[in-house]
Amino acid sequence: RPEISRCNAKDVGAAFARLQPGMGIKPHLWNAPPRLAAHLGLRTPHGATMAVGEHELSWEEGKATVFDDTYIHSVTHDGMEDR
């Protein structure tokens, strides 16, 4: 797409993340220019949640979750299957 080649955004990319039961991601935030983060749920077993600021949410398979990466956010997985 031509608009992508003209994009001046810094620190963009994509990654896959797998989270095993009992694991988590410590609270962290992005402290540079504001940016949005998007998570797409590919496999979303019960028990995996993300806290963003004061809000807690769960992923849904096939649906994207978009949030402001400058808020403190973390992930916990108390379920029984890999996420």
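Use the structure listed above.
Residues numbered from 1 in each chain as written. Predicted model: local features only at pLDDT ≥ 70, side-chain atom pairs only at ≥ 80, totals over all residues. Heavy atoms only, no water.

Q: Which residues make up the side chain of Thr44, and what values go with them?
A: Counting through the fold element by element, Thr44 comes out in the loop between strand 2 (36–40) and strand 3 (48–52). Under the relative-accessibility criterion, Thr44 is labelled buried at 19%. Within the structure, the side chain of Thr44 is placed 3.3 Å from the backbone nitrogen of Glu61, a separation counted as a polar contact. Residue contacts for Thr44: discarding those within four places in its chain leaves Trp59, Glu60 and Glu61. (Helix = DSSP H or I, 4+ residues; strand = E, 2+ residues; numbered from the N terminus. Buried < 20%, exposed > 50% of the residue type's maximum accessible area, 1.4 Å probe, protein only. Polar contact = N/O pair within 3.5 Å; in protein donor to acceptor, adjacent residues only side chain to side chain. Contact = heavy atoms within 4.5 Å.)

Q: Please set out the sheet that holds strand 6 (residues 73–77) residue by residue, giving values where relevant.
A: Each strand in a sheet pairs with its neighbour through backbone hydrogen bonds, running either in the same direction (parallel) or in the opposite one (antiparallel). In spatial order, the strands read 1-6-3-4; together these 4 strands make up an open sheet with antiparallel pairing. Either end of the sheet is taken by a strand with one partner, and the two such strands are strand 1 (24–28) and strand 4 (55–58). The mean angle between the axes of side-by-side strands here comes to 20 degrees, regardless of whether they run parallel or antiparallel. Note: strand 1 against strand 6, 3 bridges, orientation antiparallel. Bridge pairing links His28 to His73 in strand 6. (Pairing = 2+ DSSP bridges. Axes fitted to C-alpha atoms, helices over the stretch in contact; angles between N-to-C directions.)

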